[in-house]
Amino acid sequence: MLKNDTGRRVLVISSVVAIGLLSIKLLVDYYAATVVYFHLPAKWIESLVFPAEVAIGLLILGMCFRYRRWFPALLVLAQSGLIAWLEYFSTKKVISENPFFLDKFSLIMALIIGVVGGLIAVYALGYMKVFQEDYHKEVADRRGMFFLVLFLFIGAMFGIVFANDLIWMYFFWEITTLASFLLIGYKGNKESIDNSFKALLYNLIGGLGFAGAIVYLNVRADCADLSQVLDKNPVTISLALGLLAVAGLTKSAQLPFSRWLLGAMVAPSPVSALLHSSTMVKAGVYLLIKLAPLFKDTTVGYVVALVGGITFLVSSFAAISQSDAKKVLAHSTIANLGLIVLCAGIGTSEAVWAAILLVVFHAVAKCLLFLCVGSVEHALHSRSIESMDGLILAMPKTAWMMLIGMAGMFLAPFGMLISKWAVLKAVVDANPLLTVLLIYGSAANLFFWVKWMGKLIMLERPSEELTALKLEANISRTISVPLFSLGFLTVAACLTFPIMSAVLIEPYVLNVFGATVSMTRGNLIIMVLMLGMLLLFPFNLEPKRKGRWMPRVVDAYLAGVNYDSYSHVNSLGGISKNASRNYYLEKYFSESVLLNAGIISTVTLLVVMFLMGSKI
Amino acid sequence: MSVRLISALSFVVFAPLIGGLISGIDRRITARMQGRFGPPVLQPFYDVYKLLQKENVIARVRQNAYIDFYLLFVIFSGMLLFAGQDLLLFIFSLTLASVFFILAAFKGSSPYSLVGAQRELLLVMGYEPMVLFAAVAFYMATGSFWVSKIIVHPVLLIKLLPGIFLGFFYILTIKLRKSPYDLSTSHHGHQELVKGLTTEFAGPSLAMIEVAHWYETVFLLAFVYLFFAATPWLGALAVVVCYFLEILIDNVFARAKWEVAVKSSWLVAAVLGFGNVAVLYLLKGF
């Protein structure tokens, strides 16, 4: 809540370091443990969970009244009513024996939340300063509130991944809903408020599903804990499973609920980075991956897998027609989460291994990309990809980090490709027909990433003009350090992933499924070889001594009389500059048509799921 | 040295020789189809030799680095295939190579090179699904993604994968840069696209692009051979027939628009590729 800059800086950086160190210490202390249950230090804290939930509900209600939004208010009342009924009127409320737990998957999640989330918080220091003082002077400076909510958000994520008691998990779940609502609406203009309520609305639908599932599990299945749910026969609790799936799908912005994440890009970039990489959407997929063993070969599982697959396809296609950088990233996030959801729905050991890999790699690379786009937006005053030509000279540091991030998203031998490869193998083994969604979606991914990369490196303006812009001259260290760290992590994750897989992911999968997978050594060696070759790319290997092969720069071919390498003499004797635009193929990949088709098909699937589930 | 390593290394050494010869023969046959006599069979080698003598002129600093890595990863992909490695890894490595080629053209930054880059990108998006369906189908038929396992599979794979084979043959036209799908670059600089992708490359870097194409030709034909690996003579025959048909197609069709290329490739992948996968799934109760 500090008002002064230096004080806030010290506080945020020290908290980030503390959170990062604690998540690493947690890893060091518990990496050998399979599952550890624990209680909070005092019993009375545990009894506070319900009053705290009421407080959250009242806060949201207050906001709804202030802005006259009645539908979210109704949802809040409905879910609070359900939980209150369970807490005070139901005789079937089961008391949790092990409210909190820790296993290898939660350790991985904690590491992502702690490290990636922390880097975002540091970046936010520098970013929000520029945001308030130069870029958005009209926006009220509420940075104190901003950082408070940011850390609340990160804290709630830790809560979700360590909660075993479903009531506790639901509590943290609702905090993330509230925190994202507040952060998306930060700018306070109409668009931000509208989109923050859109996010609230969708997430409350998920919250209602969660609350319904808790009531059902308590009353009908005597379950209070996640671990108890995982021991049940999925057929007997399929309604609850379906409701939890809806909760997971809304939080991870899958179709038909994906619109809230697209709207959420009005928020400042660190918020987008947070929502898209280490928090929020990852809470959704975390829940689904946790439930994966129950999804295998069940109706709910099939539907979840199909919804994930369709989301991957539709969002990858939709990203082709977007020129707004943040929107491309948003579609790509939704698409990649779709892959994770697809894996969770399949629910085999192979698929879950692939899903966890995706979670890790996606968090790092996507966070890097959002933060880069944030910096570019401040420098260029535009988020359009079309304005990013020549960025490699105008903002070399940021552009290189962006290129690394993009390569990390879809190219061999980087993380996301390793994971997609694992997904493809898992899908072929489970049901080869599902590969059709994966294969066409991947082709679209290639298209929209490469044309963006191309835009960054092409030079349609003289290099002196670009370097003279000096866009990176006074970039603060709170911005550059997170960018470089994430860039380093994107590359390092490829080299260290075998260790991470062997120490954390494989034991987790083995514990849950009794079987596990890993990549063969031969393939690992090849991947490392490829990475080694790629790392040579930044070095200039061209001959520097005078000789036949020393390159000589001449003007580009412009099919006429060149004025210089960038413009030609036109038929009136004037000078025409070259200008080009990437292909966006709006005719074929229109966002609205695709989203509508996706929503109709996934809604149908979900309706079918509940109809079939309710028979039992 | 293991057999795999020898195989991979001999690919590195001999593929350009074979690829260059194929290119020379291609030019002769094409000339005969057009009622010309055509250049000597060794002409591609003379061309590349001459290109290497030329000055290294560029339009943008560091543009050639992308071509270096294009060639490097083309060779590496071929080595993976000939070393009997994972088919998916081969495909991904080849994709990486194509991305370097496309980025090279973006870096070139002239209008023609940019149009070429966008069109090549569309073509890659067009053929990628069919290639991946082929890998999936090989896996379903043989139980392995490893080329070393696929090649020793006792069953003649074309019998199980006729749709995949036809589909792959269809996109082979794109991969070999043959008309009607030579729309990202052309052999004739006087057309609408000038030289597309390669407009801004000259001398040694153009020679490297040519050599990369030879390498690609060889491993693409090796991919065709995989369908017939159980009966080697049939495989050799299939390779020859396929390549001859590609030359014929090249000479018969005029260049198509990108819409035709992408739509038809995706349709072919969906009907022949996915169709074949679906049939295998139903037959085998996979």
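Structure first, text after, so check above.
Here we summarise the structure given alongside this text. (Residues numbered from 1 in each chain as written. Chains lettered and ligands numbered in written order. Predicted model: local features only at pLDDT ≥ 70, side-chain atom pairs only at ≥ 80, totals over all residues. Heavy atoms only, no water.)

Moving on, we come to the overall build of chain B. When helices and strands are counted, chain B shows 10 helices and one strand. Rg of the C-alpha trace for chain B: 19 Å, near the compact-globule value of 19 Å for 286 residues, within the 12% margin. In terms of principal-axis extent, the alpha carbons of chain B reach across some 60 × 45 × 40 Å. Taken over 286 residues, chain B has a buried fraction of 64%. Intrachain contacts of chain B at a sequence separation of at least 6 include 77% that bridge at least 24 residues. Surface exposure of chain B reaches about 10,500 Å², of which carbon and sulfur atoms provide 72%. Treating the 21 positive side-chain charges of chain B as one cloud and the 15 negative ones as another, the clouds have centres 3 Å apart. (Helix = DSSP H or I, 4+ residues; strand = E, 2+ residues; numbered from the N terminus. Rg over C-alpha atoms; globule rule 2.2 N^0.38 Å. Buried < 20%, exposed > 50% of the residue type's maximum accessible area, 1.4 Å probe, protein only. Contact = heavy atoms within 4.5 Å. Areas by Shrake-Rupley, 256 points an atom, 1.4 Å probe, with all protein chains shown as cover. Lys, Arg positive; Asp, Glu negative; His and termini not counted. Charge placed at Lys NZ, Arg CZ, Asp CG, Glu CD.)

A word on the pattern of salt bridges. Residues and elements named next belong to chain A. A complete count under the given rule lists 20 salt bridges over all chains for this structure. K296 is the salt-bridge partner of D297, the closest N and O atoms lying 3.3 Å from each other. Among the residues examined, D297 registers a relative accessible area of 55% and is labelled exposed. Shared partners join several salt bridges into a network, and the residues in it are K129, E133, D141 and R143. (Salt bridge = Lys/Arg side-chain N within 4 Å of Asp/Glu carboxyl O.)

Before going further, it helps to spend a moment on the interface of chain B and chain A. The interface of chain B with chain A comprises 69 residues on the first partner and 69 residues on the second. Counting the surface lost from both chain B and chain A, the interface buries some 6,100 Å², and carbon and sulfur atoms represent 74% of this. At the boundary of chain B and chain A, one finds two salt bridges. Across the salt bridge formed by B:E55 and A:R552, the nearest N and O atoms sit 2.5 Å from each other. Put simply, chain B and chain A have 17 residue pairs in polar contact (both at pLDDT 80 or more) between them. Here the element with the most residues in the side of chain B that touches chain A is helix α5 (residues 111-142) of chain B; it accounts for 17 residues. A class-by-class count of the residues in the side of chain B that touches chain A yields 48 nonpolar, 10 polar and 11 charged. (Buried area = accessible area lost by both parts, 1.4 Å probe. Polar contact = N/O pair within 3.5 Å; in protein donor to acceptor, adjacent residues only side chain to side chain. Nonpolar A, V, L, I, M, F, W, Y, C, P; charged D, E, K, R; others polar.)

Here the focus is helix α8 (residues 190-221) of chain A. Residue and element names in this part refer to chain A. With 32 residues, α8 extends 45 Å from end C-alpha to end C-alpha; this agrees with the ideal 46 Å at 1.5 Å per step. Taken across its 32 residues, α8 has 23 buried, putting it largely inside the fold. Phi turns positive, to about 55°, at D222, one or two residues after α8. (Expected span 1.5 Å × (residues − 1).)

Take the packing of helix α18 (residues 396-410) of chain A against helix α19 (residues 415-430) of chain A next. All names here are of chain A. Between α18 and α19, whose axes approach to 4 Å, the crossing angle comes to 10°. Taken together, α18 and α19 sit at an angle that is classed as roughly parallel. Contacts from G408, M409 and F410 in α18 reach G415, M416, L417 and K420 in α19. For the contact of α18 with α19, the per-class residue count stands at four nonpolar, two polar and one charged. (Axes fitted to C-alpha atoms, helices over the stretch in contact; angles between N-to-C directions. Parallel < 35°, antiparallel > 145°, perpendicular 65-115°, else oblique.)

A few words now on helix α15 (residues 325-346) of chain A. Residues and elements named next belong to chain A. In this model, α15 (22 residues) spans 32 Å end to end at C-alpha, consistent with the 32 Å of a helix rising 1.5 Å per residue. Along α15, 22 of the 22 residues are buried, which leaves the element largely enclosed by surrounding structure. A distance of 3.0 Å separates the backbone nitrogen of K326 from a side-chain oxygen at the start of α15, and that oxygen is part of D324. Just beyond α15, the residue with positive phi is G347, at close to 70°.

Evaluation of the coordinates by the stated rule reveals 55 aromatic pairs over all chains. For the ring pair B:F73 and B:F76, a centre distance of 6.3 Å and an interplane angle of 80° mean the geometry is edge-to-face. Placement of the pair is B:F73 and B:F76 together in helix α3 (residues 63-82), with a separation of three residues, close to one helical turn. For B:F76, a relative accessible area of 11% translates into the label buried. Ring-pair connections join several aromatic residues into one group, and the members of that group are B:F11, B:F82, B:F90, B:F138, B:F165, B:F168, B:Y215, B:F219, B:F223, B:F227 and B:F228. The lysine or arginine in question, B:R28, covers the ring of B:F37, its NZ or CZ lying 4.9 Å from the ring centre. Directly above the aromatic system of A:F537 lies the positively charged group of B:R62, at a separation of 5.4 Å from the ring centroid. (Phe/Tyr/Trp six-rings, centres within 6.5 Å; stacked < 30°, edge-to-face > 60°. Lys NZ or Arg CZ within 6 Å of the ring centre and 35° of its normal.)

Turning our attention to unusual backbone geometry. In most cases, non-glycine residues show a negative phi, while peptide bonds are predominantly trans. Cis peptide bonds are those with omega within 30 degrees of zero, and the linkage from A:L255 to A:P256 qualifies with 0°. With respect to the element layout, A:P256 can be found in the loop between α10 (238-251) and α11 (259-263). Of the consecutive residues B:S179 and B:P180, the connecting peptide bond is found in the cis state with omega at 10°. Note on placement: B:P180 falls in the loop between α7 (162-175) and α8 (203-226). Although it is not a glycine, A:D222 adopts a positive phi angle of roughly 55°. Looking at where A:D222 falls in the secondary structure, it is placed in the loop between α8 and α9 (226-231). Take A:D222: its relative accessible area is 52%, and that puts it in the exposed class. Backbone geometry places A:D297, a non-glycine residue, at a positive phi of 55°. Of note, A:D297 is situated in the loop between α13 (281-295) and α14 (299-320).

Attention now goes to the nonpolar core. Core analysis: the largest hydrophobic core is formed by 341 residues, its most contacted members being A:F210, A:M402, A:W452, B:F73 and B:L87. Residue contributions to this core peak at 22 residues, all from helix α16 (residues 349-380) of chain A. Contact partners of A:F210, with chain neighbours within four places excluded, come to A:L166, A:M169, A:Y170, A:W173, A:L243, A:L244, A:A247 and A:L287. (Core = buried A, V, L, I, M, F, W, Y, C linked by side-chain atoms within 4.5 Å.)

Pairs of packed helices are described in terms of their axes, by the angle between the two and the distance that separates them. Residue and element names in this part refer to chain A. Look at helix α5 (residues 104-135) against helix α12 (residues 269-278): their axes get within 9 Å of each other, and the N-to-C directions meet at 170°. Considering the angle they form, α5 stands roughly antiparallel to α12. In this structure, α5 contributes I112, I113, V116, G117, I120, Y123, A124 and Y127 to the contact, and α12 contributes S269, P270, A273, L274, S277 and S278.

This brings us to the environment of A:I418. Residues and elements named next belong to chain A. Mapped onto the secondary structure, I418 falls in helix α19. Between the alpha carbons of I418 and A354 there is a distance of 8.7 Å; along the sequence they are 64 residues apart. The contact partners of I418, leaving out residues within four places of it in the chain, are L357, P413, F497, M519 and M527.

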